[in-house]
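# A structural walkthrough
Listed below, chain by chain, are the residues.
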Amino acid sequence: MDAYERVAASRAKGRATAQDYIDNLIIDFEELHGDRRFGDDKAIVAGVGKLRNMPVTVIGQAKGRSARERGMRNSGSPHPEGYRKALRLMKQAEKFKRPVLCFVDTSGAYPGIEAEKRGQGLAIAENLYEMMTLKTPVISVFIGEGGSGGALALAVADKVIMLENAFYSVISPEGCASILWKNAKKKKEAAEALKLTAKDLHELDVAEYVVKERDTDRGFRNVYSQLENLLYEEFSKLRQMSDDELLAARYEKFRKIGRYE
Amino acid sequence: MIKPNLFKKPQNKLEGGTPVINEENLEIPEELCVLCSSCGSTLFRRDVENSGYVCPECGWHFSMSARERVEYIADKGTFKERDADMSSKNLIDFPDYEDKLEKAQKVSGEPEGVICGECEIEGVRTCLFVMNPDFMMGSMGVVVGEKITRLFEYATEEKLPVIGYTVSGGARMQEGILSLMQMAKTSGAAKLHSDAGLLYISVLTNPTTGGVTASFAMEGDIILAEPKALIGFAGPRVIEQTIRQRLPKGFQRAEFVLDTGFLDAIVDRREQRRYLGKMLKLHCEEADI
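Residues numbered from 1 in each chain as written. Chains lettered and ligands numbered in written order. Predicted model: local features only at pLDDT ≥ 70, side-chain atom pairs only at ≥ 80, totals over all residues.

An unreviewed UniProt entry lists chain B under the name Acetyl-coenzyme A carboxylase carboxyl transferase subunit beta, with Gallibacter intestinalis as the source organism. Of chain B, the UniProt comment under Function (unreviewed entry) reads exactly: "Component of the acetyl coenzyme A carboxylase (ACC) complex. Biotin carboxylase (BC) catalyzes the carboxylation of biotin on its carrier protein (BCCP) and then the CO(2) group is transferred by the transcarboxylase to acetyl-CoA to form malonyl-CoA." Under the heading Catalytic activity (unreviewed entry), UniProt records this for chain B: "N(6)-carboxybiotinyl-L-lysyl-[protein] + acetyl-CoA = N(6)-biotinyl-L-lysyl-[protein] + malonyl-CoA". (UniProt positions renumbered as here; feature names shortened; annotations may be inferred.)

The name an unreviewed UniProt entry gives chain A is Acetyl-coenzyme A carboxylase carboxyl transferase subunit alpha, with Gallibacter intestinalis as the organism. Annotation of chain A in UniProt includes, under Sequence similarities (unreviewed entry), the sentence "Belongs to the AccA family." Comment text from UniProt for chain A, heading Pathway (unreviewed entry), reads "Lipid metabolism; malonyl-CoA biosynthesis; malonyl-CoA from acetyl-CoA: step 1/1."

Counting secondary structure elements, chain A contains twelve helices and seven strands. The C-alpha atoms of chain A give a radius of gyration of 17 Å, which matches the 18 Å a tight globule of 261 residues would have. Taking all 261 residues of chain A together, 54% fall into the buried category. Counting contacts in chain A only where the partners sit at least 6 residues apart, residues at least 24 apart contribute 70% of the total. (Helix = DSSP H or I, 4+ residues; strand = E, 2+ residues; numbered from the N terminus. Rg over C-alpha atoms; globule rule 2.2 N^0.38 Å. Buried ≥ 20, exposed ≤ 12 C-beta atoms within 10 Å, placed from the backbone. Contact = placed C-beta atoms within 7 Å.)

Our focus in this paragraph is the overall build of chain B. Across its full length, chain B carries nine helices and nine strands. Sorting the 289 residues of chain B into buried and exposed places 49% on the buried side. In chain B, of all internal contacts separated by at least 6 residues, the share reaching a separation of at least 24 is 67%.

Let us look at the packing of helix α4 (residues 80–95) of chain A against helix α6 (residues 120–131) of chain A. Residues and elements named next belong to chain A. Between α4 and α6, the shortest axis-to-axis distance is 8 Å and the interhelical angle comes to 20°. Comparing their axes, α6 and α4 come out roughly parallel. The two elements α4 and α6 meet at a crossing, and its hand is left-handed. For the pair α4 and α6, the contacting residues are Pro-80, Tyr-83, Arg-84, Ala-86, Leu-87 and Met-90 in the first and Gln-120, Ala-123, Ile-124, Glu-126, Asn-127, Glu-130 and Met-131 in the second. Partitioned by chemical class, the residues of the contact of α4 with α6 number eight nonpolar, two polar and three charged. (Axes fitted to C-alpha atoms, helices over the stretch in contact; angles between N-to-C directions. Parallel < 35°, antiparallel > 145°, perpendicular 65-115°, else oblique. Left-handed = near helix turned anticlockwise from the far one by under 90°. Nonpolar A, V, L, I, M, F, W, Y, C, P; charged D, E, K, R; others polar.)

Here the focus is the sheet that holds strand β5 (residues 124–131) of chain B. Residue and element names in this part refer to chain B. With respect to topology, seven strands assemble into an open sheet ordered β3-β4-β5-β6-β7-β8-β9, the strand pairing being mixed. Edge strands, defined here as strands with exactly one partner in the open sheet, are β3 (80–82) and β9 (265–266). With six bridges connecting them, strand β6 (residues 162–168) and strand β7 (residues 200–208) associate as parallel partners. Pairing of Thr-166 across the sheet is with Leu-204, part of β7. Contacting β3, β4 (114–121), β5 and β6, helix α4 (residues 142–158) runs over the sheet at an angle of about 30° to β4. (Pairing = 2+ DSSP bridges.)

Following the UniProt record, the feature "zinc finger region: C4-type" (unreviewed entry) maps to residues 36–58 of chain B here. For residues 36–58 of chain B, the helix share is 26%, the strand share is 13%, and the end-to-end C-alpha distance is 9 Å.

The subject of this paragraph is the packing of α6(A) against helix α5 (residues 176–195) of chain B. Relative to each other, α6(A) and α5(B) sit at 65°, their axes nearing to 8 Å. Taken as a pair, α6(A) and α5(B) cross one another with a handedness that is right-handed. Residues Ala125(A), Leu128(A) and Tyr129(A) of α6(A) pack against Met183(B), Ala184(B), Ser187(B), Ala190(B) and Lys191(B) of α5(B). Grouping the amino acids of the contact of α6(A) with α5(B) by side-chain chemistry returns six nonpolar, one polar and one charged.

All right, on to the pairing of β7(B) then. β7(B) sits mainly inside the fold: nine of its nine residues count as buried. Of the crossover connections in this fold, the one passing from β6(B) over α5(B) to the parallel β7(B) is right-handed. (Right-handed = clockwise from strand over helix to strand, strands pointing away.)

Okay, the interface of chain B and chain A next. Listed per partner, the contact involves 41 residues of chain B and 39 residues of chain A. Contributing elements (two or more residues each) for the side of chain B that touches chain A: α4, α5, α6 (210–213) and α7 (236–243) of chain B.

This next bit is on the sheet that holds strand β1 (residues 26–31) of chain A. Residue and element names in this part refer to chain A. Read across the sheet, seven strands follow the order β1-β2-β3-β4-β5-β6-β7 without closing on themselves; strand pairing throughout is mixed. Taken across any chain shown, the strands that pair with only one partner, and hence form the sheet edges, are β1 and β7 (209–211). For this sheet, the mean inter-axis angle between neighbouring strands, taken without regard to orientation, is 25°. Relative to strand β4 (residues 100–106), strand β3 (residues 54–61) runs parallel, the two sharing four bridges. In the sheet register, Val-58 faces β4, and the bridge partner there is Leu-101.

With that settled, consider unusual backbone geometry. A cis amide bond links Asn206(B) to the next residue, Pro207(B), at an omega of -15°. Relative to the elements of secondary structure, Pro207(B) occurs in strand β7. Here the phi dihedral of Ser148(A) falls at roughly 55°; this positive angle occurs in a residue that is not glycine. Within the secondary structure, Ser148(A) is located in helix α7 (residues 148–152). Positioned with a positive phi, Lys195(A) is a non-glycine residue whose angle comes to about 55°.

Interface size, as often reported, equals the accessible area lost upon joining of the parts. Residue and element names in this part refer to chain B. If you check the domain split of chain B, you get domain 1 (1–63) and domain 2 (64–288). Each partner contributes residues to the interface: domain 1 has 13 residues there, and domain 2 has 17 residues. The residue makeup of the side of domain 1 that touches domain 2, split by class, is five nonpolar, six polar and two charged. (Domains from an automatic or database assignment.)

Moving on to helix α9 (residues 269–282) of chain B. Helical geometry: 3.6 residues make up each α-helical turn, so side chains three or four residues apart lie on a common side. Taking 1.5 Å of rise per residue, 14 residues should cover 20 Å, and α9(B) covers 20 Å from first to last C-alpha, within 8% of that figure. Lining the buried residues of α9(B) we find α2 (66–73), β4, β5, β6, β7 and β8 (222–225) of chain B. (Expected span 1.5 Å × (residues − 1).)

The next point concerns the environment of Gln174(B). Residues and elements named next belong to chain B. Among the secondary structure elements, Gln-174 is positioned in the loop between β6 and α5. Along the backbone, Gln-174 and Ile-73 are 101 residues apart, and their C-alpha atoms lie at a distance of 31 Å. Excluding its chain neighbours within four sequence positions, the residues that come into contact with Gln-174 are Phe-94, Tyr-97 and Lys-100.

Shown next, in the form of structure tokens:
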């Protein structure tokens, strides 16, 4: 598959959503709503549950499984209150020493009048700022689209795991093509140029792991079991670290990506 | 030094009323005079330069190069630049990026899109970074992120405040995901600076958008803006395309952003040095004032 085919696969209807991952990986999940400031953004599903026997906080961008649900969830494009709900629950996780598991799947933070009025830029900035020093392990799994700052706001993480056909980019290939070459049809060239595939991101040290999608037609079973093992193992390792070690390693990880020599 | 494009009002088609001026019809030689792109007044270039590139008639804040701004805001002769020679590489082999960089260096006369250093403002020692509108629209790539990160780290070590002037179209797409990562990196450095109990004042200038708004621009203890500066996450064109309607007049301008509660104050450029000096002193130990 070329880069754009993977982008298309990441957006395909019927691809597993954050809720599918929660249903298949998290036991005793209870959703927790609202940012305690403005409202409850359904583009982000969040709550507490267990990964095997380990209590975790789960936060995921949820695109919705049916047309109706996609409408309700704004196709996984969060407003500021979504990011603020995420941050509220991350802080709660820190208090109770629960690891945080994020599922990233968004075309981007929603670009609308209300979102701007309520401080979309600030909401994302606050998440980046606070996540860098959050005293509990954070792992972000990119399950589909990883659209720019709207994705990063759930991904200042100790480990980033990419599904094989997920992508992560500073701008969509369509957006890049239309701005740079004034021609949205050059999206294939843009997708290649942006180095946005899981493999590229692994090579650029943005993602630590890539999970193969061999069994996609059998309902992602294989993906879920690979992911469950990997997450449990990684969280167990991260929990061995002291807060200082954890935060120093997280800072250094982002410090050295694309490091200037 | 004045560049010809300096006096172009950044395009925001949503706010009409910009007079269309055919420069060929002007009788006064261009070297002596400029037109305010906001009110249309003919102004003596020298007057505009002497007033910090603010129109004496209507108060419109013209774009200002980073180098000129450093000179304008720092106490005379106090600025010591850091990491002055860092310039970008084409880290992901993006098509034509080298040409773009070369062109930006020529246009701006600077190796990259931000100037960092330390100086005194009204006699108080501070770190200062100023982004450059003339370098690929102030876009943030690895070098911009790295220089700002290093400045915060230096300020944390030296227990100095940071004042940062932002102007940006957002993350630099020619550096792909590596430009996005600068948002996390700079935010982390700003957070550690803050956790050390140190002051950071950001000053948002026209336009501040995208990844810069969604990171260090909005992370100041005190967030200021210049009058009428466009400030937002999504740009007006992107929003219009998404919602398929025109945006209200004044949307995302500094006055609007102040009203919605995201700015501490709007400060006229001609008042900024005094304002910043006062704010810096308010954060000094009593004995040091």
